[in-house]
Structure formats: C-alpha cells, structure tokens
Amino acid sequence: MKNILTKQMKLLQIVPFVFAMLLFSQNNIAEYEQLGETFADVAAKVTKSVVVIESETVIKNPHANQQFDDFFRFFQFDMPEEFRREALGSGVIVREDGVILTNNHVVENAEDIRVVLHDGRKYDAKIIGKDPKSDVAVIQIDEKNLPAISLGDSDKIRVGHWVLAIGSPFSDQLAHTVTHGIVSAKGRSSVGLADYEDFIQTDAAINPGNSGGALVNLHGELVGINTAIFSKTGGNMGIGFAIPINMAKRAMDDLLEYGYVTRAWLGVYIGDINDAIKRSFDLDDYIGAIISGVVEDSPAEKDGLKVEDIIVAVDGERIENSSQLRNIISSHKPKDDVKLLLFRDGREKTIEITLGTLPDDDQKIAANKSEIFEKIGISVIEIGNLSREKYNLNDNQNGLIIVNVKRMGIA
C-alpha cells in the first residue's frame, strides 16, 4: 500500500509539471504564429513598393585591336571595341510620382535603366542624381499613384530589433524575395564601400541583386537601403549592410533639389583615439576623435580649433570614433552652427562653430592620407601643445608626431 501511495504522490507531482509544459508550449506556438502573421502583414504592405532595376552598361574593351606576341602570335582574334553588360539590382518607391531610392552602384555608368514593378509593368527610368560618397542614387519613372513606402527613423532602431529585407537576389525570377532577421549592429564603418559609412548590420539574408532594396521594421517602415554583404562565397553568410534611411534621405533630398549632395565641413583631419595616442598624451578613458591637422582658412581655424584637440561630443551627442564624427558633421547643412565639446590641455572646453561647405578636393586629401599609411606604414599628427609639453619642445620647434605604426609595414 505504501508503494502505491508513493507512486500516486509522485504522479500527482508530475502532472502539474506536464500540464505547465503543455501550456507553455501552446503559448509559445501562439506567440510564434502571431510573429509570423506580423511578418506576413509587413511583407504584404511593403512588397509592392520594392522594384527590380535592370541596367545596361557599355564596357570599353582595352584589348581591342591590339597585336599579341609570343604564344598568341599564331592566332587571330576578333575582339569588339565595346560590349554591353547587364546588371540587376533593387529599388524602393519613396514617392507616388515614381521617385525611387536605390544604390549608386546599381545604376552607376548605366546607359539604359528599366524598372519592373511588382505587377510586372516595365518602365524606362532616368537618373535624378547620384552620390558615390554615400552610395545613394535617385531615379524616376513616368507614372503616378504608385505605392510609396513609409519612411521610418533609423536612429530609433536598436540592436536586436526584428527587420525584413526585400529585394531581387541573383535573378529577376526571384524578385520580391522576403527574408527576416535582426539588427546585429549599428554604426558599422571602415567597411570600405563608401566614403561615408554608418551601416546597419543585419543577419537577414541579403545576396547579390538585393542592393538598393528595402530593410523595413515591423511597422512596415523603411529603415535602411540594403547595400552589401560580407561573404567568402559570394552568397549570404549572415552579415549584411544597409544604409540607414536617415542618411539616405539626407542625400536623397539634396539630389532631388540640387542634383548633387551638399555637405557641411569643419576643416580638420581627424583620427581615432587608439592605445598609442592614449599613451602618447597620457589620456585615461577618453574616447572621441583627435584633430591631427587644421586646414588653413577653414571654419575650424577661424573658430579656434587646434591640433591635438579631442572632439568628445557634437551638440551633446557623444563621439565614439572619427567615422561617427564625419557622419554627424556631414549630416548638417553648410552654415549650420554646432557646439563641440573638446578635451584640450587637460580640461574640457565648449566651442561653437559655423560649418562651411565641403570642398571637392577634401576627400582626395583624406584618401591620400589613408594611402600613405597603407604604403609607408605610419600615421602622424602635427606638434601641438600636449606634445610640446610632453617632449619639452619650445614654440619654435615644429614637426610631426608619429602616433601609429602599421605592423609588418615598411616603417
């Protein structure tokens, strides 16, 4: 009798646990089904706003009409002087009158551009404007009352938020493919895709052909333009990059109004606060961007910025690195006033600066500095107050301070 009672007691203890597990499982299924319904509702809402972009580019053949020696001297080749290359990408309708947002690399150098809508209709498109520095382009088709997507606020998305990617991977036969994932990271820079990078990283499947397509949140709002993938195979490996819609919209608005993008300019050369710089200038936990040079007659020089100033914040927004600073400044209009929080000579200081207009050659100079680091293997900044004090230099001693040496480089 005792054994029977003991078994009954154990059974009574197990029953609530099994019931709870069944209930938990049913609740989970309901939650997953609801999430799936949300995905389906969003896809149905935004898919009609995503288009296929077909383009043709004329490629000049550098080997046409050349005489070949050695192994090839016995053969005759009929090589055309030029040939056409077809490319496939995606775009997003952002206005009912046919304005479409896409990537610059989707339409760059294209002579013929065709847009295929969700219902199969095809239109010739014209380029309104291109911005290679952000890899944004705006094209337009001659049609009205199109299903324009709603623009979201990419500043509000957080790492871990669900997103959907819509585009045409690999082929127009796979148009309007929908994939889902999460925001894996924000503020990705130094990817090497554009001059201005502030990418949203996502694990939603993105493949060749998705470029220019939509990255949307669960409200069906456009939060990014899918741009590139990191891949060792040519296909999706769970690391995709999208231009935040706030950055893309800033470029788009200028392209629609002027045909080109205007950017604000400080007039400084900047670098990240790495361990070498922290040791050189006895910095503790400061992050931001250090000024390595000030351009003559620039807004920075006129308003008193100096070499070795560390820009800690812009209008109260903390600066993590030099790329973030460049993006924040470029998001402003020329003649805007900004407040910079600096770390100078051991103390914090606030300076208000009126921004100028970015000169055409400024990017070339910055690119040359990067090339010098890659070729020679050092990066430098001009001598400023901190380095004069640290190395006991007088005011008449000028020169450069080496702040970074490339490992295994020439230097």
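Computed from a predicted structure; not experimentally measured.

A. A look at a negative patch on the surface. Among the surface-exposed residues, Asp 153, Asp 155, Asp 303, Asp 315, Glu 317, Asp 337 and Glu 352 lie close enough to one another that they form a single negatively charged patch. Counting through the fold element by element, Asp 337 comes out in strand E19 (residues 337–344).

B. Geometry of unusual backbone geometry. Positive phi, close to 55°, is recorded for Asn 145, a residue that is not glycine. Summarising the element assignment, Asn 145 is placed in the loop between strand E6 (136–141) and strand E7 (150–151).

C. Structural detail: the nonpolar core. Leu 101, Val 216 and Leu 222 are the most contacted members of the largest nonpolar core, which totals 27 residues. Elements represented by at least two residues in this core include exactly helix H1 (2–46), strand E3 (99–103), E6, strand E8 (162–167), strand E11 (214–216), strand E12 (221–229), strand E13 (240–244) and helix H3 (245–257). Ranked by residue count, the leading element in this core is H3, at six residues. If near-sequence neighbours (up to four positions away) are discounted, Leu 222 is found in contact with Val 92, Val 94, Ile 149, Ser 150, Leu 151, Gly 152, Ala 214, Leu 215, Val 216 and Ile 245. In this structure, Leu 266, Val 268, Ile 319 and Ile 328 belong to the second largest nonpolar core, which totals 19 residues.

D. Molecular detail of the environment of Asn 226. Within the secondary structure, Asn 226 is located in strand E12. Note: C-alpha distance between Asn 226 and Ala 214 (twelve residues apart in sequence) is 6.0 Å. Sequence-distant contacts of Asn 226, that is, excluding residues within four places in its chain, are made with Asn 103, Ala 165, Ile 166, Ile 206, Asn 210, Ser 211, Gly 212, Gly 213, Ala 214, Leu 215, Phe 241 and Ala 242.

E. Focus on the confidence of the model for the protein chain. Across the protein chain, the average pLDDT comes to 81, with 77% of residues at or above 70. Below a pLDDT of 50 lies the segment residues 68–77, which in the model reaches five contacts outside its immediate sequence neighbourhood of four places, other chains included. For residues 363–368, every residue scores under 50 in pLDDT, and the model assigns this stretch six contacts once sequence neighbours within four places are set aside.

F. Broad picture of the pairing of strand E10 (residues 199–202). Alternating positions in E10 separate into two faces, Phe 199 and Gln 201 on one and Ile 200 and Thr 202 on the other, with burial throughout. Bridge count between strand E9 (residues 177–188) and E10: three bridges; the pairing is antiparallel. Looking at E10, one finds that Ala 185 is bridged to Gln 201. Pairing of E10 with E13, which is carried by three bridges, proceeds in the antiparallel orientation. By the bridge assignment for E13, Thr 202 is matched with Gly 240.

About the criteria used
Residues numbered from 1 in each chain as written. Predicted model: local features only at pLDDT ≥ 70, side-chain atom pairs only at ≥ 80, totals over all residues. Heavy atoms only, no water. Patch = residues over 30% accessible without salt bridge, like charges linked within 9 Å, V, L, I, M, F, W, Y side chains within 5 Å. Areas by Shrake-Rupley, 256 points an atom, 1.4 Å probe, with all protein chains shown as cover. Salt bridge = Lys/Arg side-chain N within 4 Å of Asp/Glu carboxyl O. Lys, Arg positive; Asp, Glu negative; His and termini not counted. Charge placed at Lys NZ, Arg CZ, Asp CG, Glu CD. Helix = DSSP H or I, 4+ residues; strand = E, 2+ residues; numbered from the N terminus. Core = buried A, V, L, I, M, F, W, Y, C linked by side-chain atoms within 4.5 Å. Buried < 20%, exposed > 50% of the residue type's maximum accessible area, 1.4 Å probe, protein only. Contact = heavy atoms within 4.5 Å. pLDDT = per-residue confidence, 0-100. Pairing = 2+ DSSP bridges.

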